[in-house]
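If you want the building blocks of each chain, they are given just below.
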Amino acid sequence: MKSWLLTKDHKRIAVLYLATVTLFFFLGGAFATLIRVELLTPQGGLVSSETYNKLFTMHGVTMVFFFLIPSIPATLGNFFLPLMIGARDLAFPRINLLSWYLLVIGGLLALFAMLAGGVDTGWTFYTPYSTTYSNSWVIATALGIFVAGFSSILTGLNFIVTVHRMRAPGMTWFRMPLFVWSMYATSLIQVLGTPVLAVTLVLVFCERVFHIGIFDPALGGDPVLFQHLFWFYSHPAVYIMVLPGMGVISEVISVFSRKSVFGYAFVAFSSVAIAVLGFLVWGHHLFVSTQSVYAGMVFSFLSYFVAIPSAIKVFNWTATLYKGSISFATPMLYAFGFIGLFTIGGLTGLFVASLGIDVHVTDTYFVIAHFHYIMVGGTIMAYMAGMHYWWPKMTGRMYPEGWAKLSALVIFLGFNLTFFPQFILGYLGMPRRYHVYPDEFQVLHVLSTAGASVLAVGYLMPMIYFIWSLRYGALAPANPWGATGLEWKTASPPPVHNFDEAPVVTHEAYDYSTVMGEVIEVG
Amino acid sequence: MASDAHGETLALREQFDSEEQQKDASTLGMWIFLITEIMFFGGMFLAYSVYRNFYPHVFAVASSSMNAIIGATNTGVLLCSSFTMVMAVRAAQLGQRKIIILFLVLTLILGIAFLGLKAYEWNVKFEEHHVPGPAFHLDGVDTQGPAQIFFSMYFAMTGLHALHMVVGVGILTWLIIATYKGRFTAGYMTPVDIAGLYWHFVDIIWIFLFPLLYLIDRHLG
Ligand code: HEM
Ligand SMILES: [Cu+2]
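Since the model is a prediction, treat every value here as computed from it, not as a measurement.

Thresholds, definitions, all that
Residues numbered from 1 in each chain as written. Chains lettered and ligands numbered in written order. Predicted model: local features only at pLDDT ≥ 70, side-chain atom pairs only at ≥ 80, totals over all residues. Heavy atoms only, no water. Donors = N, O, S within 2.8 Å, 3.2 Å for Na, K, Ca; no water. Helix = DSSP H or I, 4+ residues; strand = E, 2+ residues; numbered from the N terminus. Buried < 20%, exposed > 50% of the residue type's maximum accessible area, 1.4 Å probe, protein only. 1 Å grid on protein atoms, 1.4 Å probe; cavity = no way out; pocket = protein on both sides within 12 Å on 5 of 7 lines; lining within 4 Å. Points joined across faces, edges and corners; volume = space filled by probe spheres on them. Nonpolar A, V, L, I, M, F, W, Y, C, P; charged D, E, K, R; others polar. Phe/Tyr/Trp six-rings, centres within 6.5 Å; stacked < 30°, edge-to-face > 60°. Lys NZ or Arg CZ within 6 Å of the ring centre and 35° of its normal.

Points about the coordination of the iron atom of ligand 1
Residues and elements named next belong to chain A.
Stage number 1. Inspection of the coordination sphere of the iron atom of ligand 1 shows a single protein donor, H370 (NE2), at 2.2 Å.
Stage number 2. The distance between the iron atom of ligand 1 and the copper ion (ligand 2) is 4.4 Å.
Stage number 3. Following the sequence through the fold, H370 ends up in helix α13 (residues 365–395).

In structure tokens:
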């Protein structure tokens with residue numbers, strides 16, 4: 001126990017993170033379940049409006065700040081970034097451990113707030129409601145997010161320094177696996193964006209505790225300033241959530257079609273482009289809140305622009321498949337799920353980025369569906385792809401392929417059944433954050449809740465068979481997929497210092513001629 | 001654990017190949033941290049700019065109620081402390097233990113002097129009812145609301161800056177003890193070096209705060 005809680009080994013810290021974010025995922029899932037059950041009937045009889053407000057707030061807070069943001073970077077990134085560049089560890093192992101403790105402390109603060117009575121501001125904490133009127137546990141929650149934010153900053157800082165300073169001999173920038181590029185771009189956003197969220201929360205905190213007035217309209221303050229500051233972080237934050245997933249997909253698509261990623265440099269640079277452009281579009285969340293029409297047009301245009309690098313990725317993945325020798329192993333199934341769902345999410349992003357359409361669908365279920373297609377359909381699919389792909393390396397055990405394929409299928413179907421009806425609901429005018437609704441929406445809501453049940457089963461399956469495999473799974477060889485990355489050149493699971501012999505890199509990232517001789521056991 | 005078997009030293013942790021690589025990494029890490037700090041303060045500078053643009057007259061009046069003499073003195077104090085910090089880093093490079101301690105102690109004293117003057121200033125604000133809240137009152141403006149916003153910004157910005165100073169004082173104290181115990185040598189003085197970066201950064205923030213909060217009425221006449 002102690003050797004775990006005081007470990008400086010990035011692989012163990014990754015496992016600590018894995019356990020932590022999984023807990024938060026199921027906590028957030030519990031809130032989602034209550035929301036969906038409540039929405040089965042139009043009268044809204046199960047919980048009071050106050051409770052409902054708290055449910056969707058706590059769902060959003062848990063999922064965004066305590067699950068999605070740390071998910072891929074802090075677990076898979078932590079475990080594999082050093083391995084993939086041939087390093088013994090991250091540059092700052094103690095800071096890495098500290099960052100895990102910060103996430104736990106932040107999580108406990110938020111959990112305390114939830115148990116003590118909950119928060120009802122929405123995950124967006126809009127002022128002046130959050131600063132002046134809400135009677136719920138805003139302060140504790142904001143503090144929790146603040147602390148967790150520093151966890152995220154420190155992870156990003158650690159990754160950037162590691163990529164700059166710790167690459168193995170011969171591991172040039174353009175030989176790095178694309179997952180590393182995506183982690184690097186993500187880290188840039190974490191480092192540049194999160195402090196702005198932090199200071200915004202500090203101001204909200206001061207306003208609630210010391211009654212100073214910065215966003216208070218009664219004093220002449222501007223509550224919309226809060227929205228600008230919040231979205232200056234939170235739009236880039238959506239890329240903190242999705243870029244790591246894109247990195248996973250690049251790895252998986254390449255391995256299971258046994259081809260080098262088409263247009264490697266484009267895919268690498270598109271990650272950086274997304275990181276940079278992502279900072280210029282926050283105004284598309286303010287189309288209907290006092291922003292001038294001129295500013296709205298500029299932000300709308302820039303939002304179209306930011307879709308280009310994402311599209312480059314999708315096209316390049318598809319081109320990678322072309323004439324590849326494709327195998328439909330579980331990670332690949334999840335990756336296909338990602339590409340389809342992310343594309344729908346991204347395209348509807350363009351819908352809501354158009355001024356005219358957004359005025360109609362803003363604050364409706366259309367927006368809910370849009371971002372769930374990306375955050376759940378995209379990021380969580382990619383996370384599952386990555387978990388299956390790297391599970392043999394992390395644990396030294398294979399998962400049961402048949403069950404895993406089934407889970408990919410169940411999740412894909414359950415997901416679409418849950419969220420596709422929400423596009424229609426939103427288009428028809430169902431507002432978000434309401435639990436009483438007109439009768440004619442009930443059919444679609446029931447479909448969505450039914451889908452959510454399927455989805456829940458889909459998520460429980462990996463939970464069970466992953467744990468099962470720890471004891472009963474077949475022993476994993478060093479390189480079960482015949483992949484090229486350095487992480488596959490060491491034992492499964494890797495020894496404490498990662499490599500028995502310091503690696504020297506002589507090839508491009510996805511040169512499958514180098515692994516010709518190795519066994520390939522794909523189910 | 002296996003880590004100790006490798007016999008790691010302070011100057012060469014096990015994950016690095018050479019002392020130089022480690023020093024580079026630490027320095028880069030500190031610079032990135034400072035960038036996050038710029039973004040952190042940046043949010044507040046943005047809020048300040050927006051409101052100053054909304055209420056230029058009130059901001060000018062409110063800022064002229066500040067004691068520019070104390071502000072200027074504090075600026076001088078911090079500039080001197082940056083100088084002593086540089087001298088400490090220099091002494092660390094040369095491995096002169098006593099001189100490091102001397103200059104670190106001087107830096108520490110100057111830092112505490114800054115905090116003392118700041119505390120005095122805040123206290124005066126309390127007496128003058130310039131603290132945001134029900135008792136707030138500022139003479140010479142039509143509306144008290146925007147004036148409260150100015151002082152909210154003032155307290156938030158100088159408060160966070162002071163908090164950074166307190167952290168700096170803590171770091172200096174630790175450095176002094178560690179130097180006294182002989183932890184640093186000419187070959188390994190990275191902590192002194194990067195603590196210096198941090199100290200200068202906090203200093204620079206003040207260099208921006210001082211004119212923005214104390215001197216802005218000058219150009220309006
Ligand atoms: C790539 C990953 C993306 C993620 C994770 C994501 C996530 C989100 C989230 C969470 C929201 C809702 C925020 C809220 O009000 O609570 C949102 C809204 C929005 N998204 Fe996305 N998004 C992504 C991509 C895009 C793209 C590519 C565009 C446009 C090109 C876009 C345009 C918008 C717009 C305009 C809104 C505001 C809609 C409204 O509130 O009326 N998004 N997105
Ligand atoms: Cu956005």
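After that view, the rundown keeps rolling.
Focus: the coordination of the copper ion (ligand 2)
All names here are of chain A.
Stage number 1. The protein atoms that coordinate the copper ion (ligand 2) are H235 (ND1), H284 (NE2) and H285 (NE2), at distances of 1.8 to 2.0 Å.
Stage number 2. For the copper ion (ligand 2), the donor residues sit on a single chain with the sequence spacing H-x48-H-H.
Stage number 3. Owing to a relative accessible area of 27%, H285 belongs among the partly exposed residues under this scheme.

Focus on empty space enclosed by the protein
Residue and element names in this part refer to chain A.
Stage number 1. Following the criterion strictly, the structure yields two cavities of 30 Å³ or more and no others.
Stage number 2. Size it by volume and the largest cavity reaches roughly 120 Å³.
Stage number 3. If you go around the largest cavity, you meet 17 residues; those closest to its centre are F65, I69, P70, A148 and S152.
Stage number 4. Within the residue set of the lining of the largest cavity, elements represented by two or more residues are α3 (49–84), α6 (138–165) and α7 (178–209).
Stage number 5. Considered as a void within the structure, the second largest cavity measures approximately 30 Å³ in volume.
Stage number 6. Surrounding the second largest cavity, E251, V255, Y389, T484, G485, E487, W488, Y510 and Y512 form its lining.
Stage number 7. For the lining of the second largest cavity, the residue count by class is five nonpolar, two polar and two charged.

Some remarks on the packing of aromatic side chains
Stage number 1. This model, assessed by the stated rule, comprises 64 aromatic pairs over all chains.
Stage number 2. Ring centres of F328(A) and F336(A) lie 5.9 Å apart, and the angle between their planes is 50°; this geometry places the pair in the tilted category.
Stage number 3. Here the aromatic rings of F45(B) and F208(B) are separated by 6.4 Å at their centres, their planes lie at 70°, and the arrangement is edge-to-face. Residue F45(B) is located in helix α2 (residues 19–54), and its partner F208(B) is located in helix α7 (residues 190–214); the two are separated by 163 residues in the primary sequence.
Stage number 4. Under the relative-accessibility criterion, F45(B) is labelled buried at 17%.
Stage number 5. A network of ring pairs unites the aromatic residues F79(A), F80(A), F179(A), F256(A), Y389(A), W390(A), W391(A), Y399(A), Y465(A), F466(A), W481(A) and W488(A) as a single cluster.
Stage number 6. Lying across the ring of W4(A), R12(A) places its NZ or CZ 4.3 Å from the centre.

Distances and angles like these do not, on their own, reveal function.
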